[in-house]
Amino acid sequence: MRHVEDGSIVVNCSGRFFRGERLEGPIPALSTNGCVMAINPRSLMHFLTSVAGFFDTHLLYRGLLRGNGFYALDHEALFRQNRNAWVGTLAASLHEPGACRSIPANEAA
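Because the structure is a prediction, the values reported are computed rather than measured.

Undergrad: Any chance you could explain the overall build of the protein here in plain terms?
TA: Within the protein, the secondary structure is distributed over three helices and two strands. Each helix and strand of the protein, placed in order from N terminus to C terminus, yields the pattern β-β-α-α-α. Buried positions account for 26% of the 109 residues belonging to the protein. For the protein, the proportion of contacts with a sequence separation of at least 24, taken over those separated by at least 6, is 62%. Summed over its atoms, the accessible surface of the protein is roughly 7,700 Å², and 56% of this surface lies on carbon and sulfur atoms.

In structure tokens:
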């Protein structure tokens, strides 16, 4: 077992994408204490995990991930329930400029 320094941030990228017959329980994108972030299809800001990982990590490091009006979608549950709605949601999220606010480079947490 390794010691994790106080104030460390852990990014969990060990999830899966539509691999099982059974829908696993939801995994929050950010732990309640804000120290563990999970890039997973049950709570994504963007349908591409690479994009979500890039932006979510930067927002987390800057203390801006929580409380700034960002939305997460349970992609796996929506995909299983209605694939057309899932595709429509993806299209809307790509073309809705108000979905995410612009954060100036000098804005600090």
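Undergrad: I tried to follow the pattern of salt bridges on my own but got confused; where do I start?
TA: Where charged atoms of side chains with opposite charge meet at close range, the side chains can pair. Considering all chains together, one arrives at two salt bridges under this definition. Of the charged contacts in the structure, one is a salt bridge between Asp-74 and Arg-42, with a shortest N-O distance of 2.6 Å. You can see Asp-74 sitting in the loop between helix H1 (49-61) and helix H2 (75-81) and its partner Arg-42 sitting in the loop between strand E2 (36-38) and H1, a full 32 residues away along the chain. Look at Arg-42 and you get buried, because its relative accessible area is 11%. The shortest N-O distance in the salt bridge between Arg-80 and Glu-76 comes to 2.9 Å. Of this pair, Arg-80 and Glu-76 both sit in helix H2, separated by four residues, roughly a single helical turn. By relative accessible area, Arg-80 is classed as partly exposed at 34%.

Undergrad: What is the right way to read the confidence of the model for the protein from this model?
TA: In regions of low pLDDT, the predicted coordinates are not meant to be interpreted in detail. The predicted model of the protein averages 76 in pLDDT, with 79% of residues at 70 or higher. H2 holds the highest mean pLDDT among the elements of the protein, 87, whereas strand E1 (residues 10-12) holds the lowest, 71. For residues 97-105, every residue scores under 50 in pLDDT, and the model assigns this stretch ten contacts once sequence neighbours within four places are set aside.

Undergrad: Help me understand the side chain of Arg-42 in this model?
TA: A polar contact is formed between the side chain of Arg-42 and the side chain of Asp-74, at a distance of 2.6 Å. Those residues in contact with Arg-42 that lie beyond four places of it in its chain are Leu-23, Glu-24, Gly-25, Pro-26, Ile-27, Leu-73, Asp-74, Glu-76 and Ala-77.

Undergrad: What's the story with the nonpolar core in this structure? I'm lost.
TA: Note that soluble globular proteins tend to have their nonpolar side chains buried in a common cluster. Formed by Leu-30, Met-37, Ile-39, Leu-44, Ala-52, Leu-59, Leu-60, Leu-64, Leu-65 and Phe-70, the largest nonpolar core amounts to ten residues. If one sorts the elements of this core by residue count, H1 sits on top with three residues. Residue contacts for Leu-65: discarding those within four places in its chain leaves Leu-30, Met-37, Met-45, Asp-56, Leu-59, Leu-60 and Phe-70.

Rules and cut-offs
Residues numbered from 1 in each chain as written. Predicted model: local features only at pLDDT ≥ 70, side-chain atom pairs only at ≥ 80, totals over all residues. Heavy atoms only, no water. Helix = DSSP H or I, 4+ residues; strand = E, 2+ residues; numbered from the N terminus. Buried < 20%, exposed > 50% of the residue type's maximum accessible area, 1.4 Å probe, protein only. Contact = heavy atoms within 4.5 Å. Areas by Shrake-Rupley, 256 points an atom, 1.4 Å probe, with all protein chains shown as cover. Salt bridge = Lys/Arg side-chain N within 4 Å of Asp/Glu carboxyl O. pLDDT = per-residue confidence, 0-100. Polar contact = N/O pair within 3.5 Å; in protein donor to acceptor, adjacent residues only side chain to side chain. Core = buried A, V, L, I, M, F, W, Y, C linked by side-chain atoms within 4.5 Å.

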